[in-house]
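Residues per chain are reported as follows:
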Amino acid sequence: MTGRVDPLLTRRPEAMRGVEEPLLPGLADLAEPAPEPAPLPEEPPGPRPLLELSPPSARANRVCACVVRDGRLLVVERRGGGWTLPGGGVQRGESRMRAAARETYEEAGAVVEVGSRGVTVTGTTGTRSSCFPAILTRQLDSPEGRAVQWVDPAAEPWCDDPQVEQLRERGLLPTLLF
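Conventions we followed
- Residues numbered from 1 in each chain as written.
- Predicted model: local features only at pLDDT ≥ 70, side-chain atom pairs only at ≥ 80, totals over all residues.
- Heavy atoms only, no water.
- Helix = DSSP H or I, 4+ residues; strand = E, 2+ residues; numbered from the N terminus.
- Expected span 1.5 Å × (residues − 1).
- Buried < 20%, exposed > 50% of the residue type's maximum accessible area, 1.4 Å probe, protein only.
- Salt bridge = Lys/Arg side-chain N within 4 Å of Asp/Glu carboxyl O.
- Patch = residues over 30% accessible without salt bridge, like charges linked within 9 Å, V, L, I, M, F, W, Y side chains within 5 Å.
- Areas by Shrake-Rupley, 256 points an atom, 1.4 Å probe, with all protein chains shown as cover.

### Observations regarding helix 3 (residues 96–108)
- If you check helix 3, its first and last C-alpha atoms are 18 Å apart, about what 13 residues at 1.5 Å a residue would give, namely 18 Å.
- The complete set of buried residues in helix 3 reads Ala99, Ala100, Ala101, Arg102, Glu103, Thr104, Glu106, Glu107 and Ala108.
- One or two steps after helix 3, the chain reaches Gly109, where phi turns positive at roughly 70°.

In structure tokens, the structure reads:
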């Protein structure tokens, strides 16, 4: 049966003779150019809203991470303006080291390995946090939409966060040891 075509497969109904049809239904629609996308709306003036991935009600303690790469310190946009170390609340049942790694990822998009020796620092509101040294393993975009900067911790006043000042005063920047 080589070279022979079944006539039932090639016969078309009388009404369809001479009519071009697409190979697959809907395929002809793909040949038309896609419409231009609508322009993006302009951003409203003022600060961008930031996502909050860890609800405040679930927090027990506070942590932050000190991530230094090539002599530069990782800081994230603060809700009220300015810059701070990535950090936040410890959720119930979560270790402080794990919370520091999670908060660093949520706020800065930084995947880190957290050191086991934290130091206590006090934030702008008087809240005490355990601050852990951390090593960057991968940098992604911030899931919370925060701006991220790598700053010189010795330059004044790149970072207006009192936690950074305390770490600098204690001689723990730019190199924190595990």
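Next comes the rest of the account.
### Overview of unusual backbone geometry
- In this structure, Asp70 is a non-glycine residue whose phi angle is positive, near 50°.
- Structurally, Asp70 can be placed in the loop between strand 1 (59–69) and strand 2 (72–77).
- Judged by relative accessible area, which is 76%, Asp70 ranks as exposed.

### A look at the pattern of salt bridges
- Per the stated rule, a full pass over the model turns up six salt bridges.
- Its salt-bridge partner being Arg102, residue Glu94 comes within 2.8 Å of it at the nearest N-O pair.
- As a salt-bridge pair, Glu106 and Arg102 come within 3.3 Å of each other at their nearest N and O atoms. Remark: Arg102 and Glu106 occur in helix 3; sequence separation between them is four residues, near one turn of the helix. Each member of the pair, Glu106 as well as Arg102, is classed as buried.
- Because the salt bridges share partners, they merge into one network encompassing Glu94, Arg102, Glu103 and Glu106.

### What about a nonpolar patch on the surface?
- A surface patch of nonpolar side chains, about 210 Å² in accessible area, is lined by Tyr105, Val111 and Leu140.
- With respect to the element layout, Leu140 can be found in the loop between strand 7 (128–139) and strand 8 (148–151).

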